[in-house]
Amino acid sequence: MSATAYKQYPSCASVYGPVESWRFGRSLGIDPIGSQSTCSFHCIYCQLGKIEAITTERQIFVPTTQIIDELQTVPLDNVDTVTLSGSGEPTLALNLEKIIGVVKRITKKPTVVLTNSTLLSDPQVRRDLIMADTVAAKLDAVSSNQLQQVNRCVETINLPSLVAGIEQFRQEYSGHLAIQTMVLSPWTPERIMDYIQILHILQPDEVQLNIPARPRVLVRQLDARGNDILQPAPYLVQNLRCISTNVLASLANQIHNALKIPVRYPGMAVLV
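Per an unreviewed UniProt entry, the chain goes by Radical SAM domain-containing protein and derives from Tolypothrix tenuis PCC 7101. Database annotation for the chain, UniProt heading Cofactor (unreviewed entry): "[4Fe-4S] cluster".

S.K.: Give a detailed account of the packing of aromatic side chains, specifying residues and quantitative values.
M.R.: Tallying each qualifying case throughout the model produces 2 aromatic pairs. Residues Phe 169 and Tyr 173 carry aromatic rings whose centres are separated by 4.6 Å and whose planes lie at 20° to one another, so their mutual orientation is stacked. The class of Tyr 173 is buried, set by a relative accessible area of 3%. When the ring of Trp 187 is compared with that of Tyr 195, the centres are 5.0 Å apart and the planes differ by 70°; the resulting orientation is edge-to-face. For the pair formed by Trp 187 and Tyr 195, the shared burial category is buried.

S.K.: Tell me about empty space enclosed by the protein, and name the residues and values.
M.R.: Taken as a whole and judged by the stated rule, the model has 1 cavity of 30 Å³ or more. Estimates place the volume of the largest cavity at around 40 Å³. Taken together, Phe 41, Lys 138, Leu 139, Asp 140, Ala 141, Leu 147, Asn 151, Leu 159 and Leu 162 form the lining of the largest cavity. Here the residues of the lining of the largest cavity are counted per class, giving 6 nonpolar, 1 polar and 2 charged.

S.K.: Residues and numbers for the nonpolar core, please.
M.R.: Counting residues in each nonpolar core, the largest one holds 74 residues, and the members touching the most others are Ile 30, Leu 129, Leu 139, Tyr 195, Leu 209 and Ile 255. Once residues within four sequence positions are removed from consideration, Leu 129 is found in contact with Thr 91, Leu 96, Ile 100, Val 113, Leu 120, Val 135, Phe 169 and Tyr 173. If you look at the next biggest cluster of nonpolar residues, it comprises 5 residues, including Phe 24, Leu 114, Ala 136 and Ala 178.

What counts as what
Residues numbered from 1 in each chain as written. Predicted model: local features only at pLDDT ≥ 70, side-chain atom pairs only at ≥ 80, totals over all residues. Heavy atoms only, no water. UniProt positions renumbered as here; feature names shortened; annotations may be inferred. Phe/Tyr/Trp six-rings, centres within 6.5 Å; stacked < 30°, edge-to-face > 60°. Buried < 20%, exposed > 50% of the residue type's maximum accessible area, 1.4 Å probe, protein only. 1 Å grid on protein atoms, 1.4 Å probe; cavity = no way out; pocket = protein on both sides within 12 Å on 5 of 7 lines; lining within 4 Å. Points joined across faces, edges and corners; volume = space filled by probe spheres on them. Nonpolar A, V, L, I, M, F, W, Y, C, P; charged D, E, K, R; others polar. Core = buried A, V, L, I, M, F, W, Y, C linked by side-chain atoms within 4.5 Å. Contact = heavy atoms within 4.5 Å.

Below, the structure written as structure tokens:
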């Protein structure tokens, strides 16, 4: 079954994929945000293109009943995991806890939530995530300047509160916590040391290093959630500066040697 196997569903569908993921295998996507991209970040590498609504305000975007109805029509035989991500930051969805619950009940598959970590300082958000089997929390920056350059967050977000939110979540969460980091350029020894020090505080179960590999659209496309870009080439930006695989491998080894936890990165076996 191809990544485009569910094209029979309408473009507004909140269940999409499955998507081939180097981290999670064949991953069925659940989009709790919907047709308008909504996030507290506007990352320079975001595959969704320009974020249409930048906010930290939580609300219900997609009714839980809609996700239930869609899930009941989806074949699950070739699905390894179910991942909540999609059109922005999933923790902005007020019905996140209910969505995770129905996804686990209907699919009986491991459930993953990809979050940019900005709302983990909210106790209710942390409670909403407790049932997820894996939470992959974003940490792209080790300084306020880097946070603004890479993630372009709303003004109320700062690095200390973001890190503190992840740390508090780690203390409350018994599931599998991964730190996901996009590496856009070679890091200085000082930046690597700062990153490792933060990881020592956060105590994740693994680290996932990534580089921009998916096309970045200039014009918002819902299908960008699952790697299916429908517009012609002039609508794409594919030339974000990336580090070499050798540099990424070196960084992964430094982190692994310092923390003695698994480190994953594209195209290579996990370091354990």
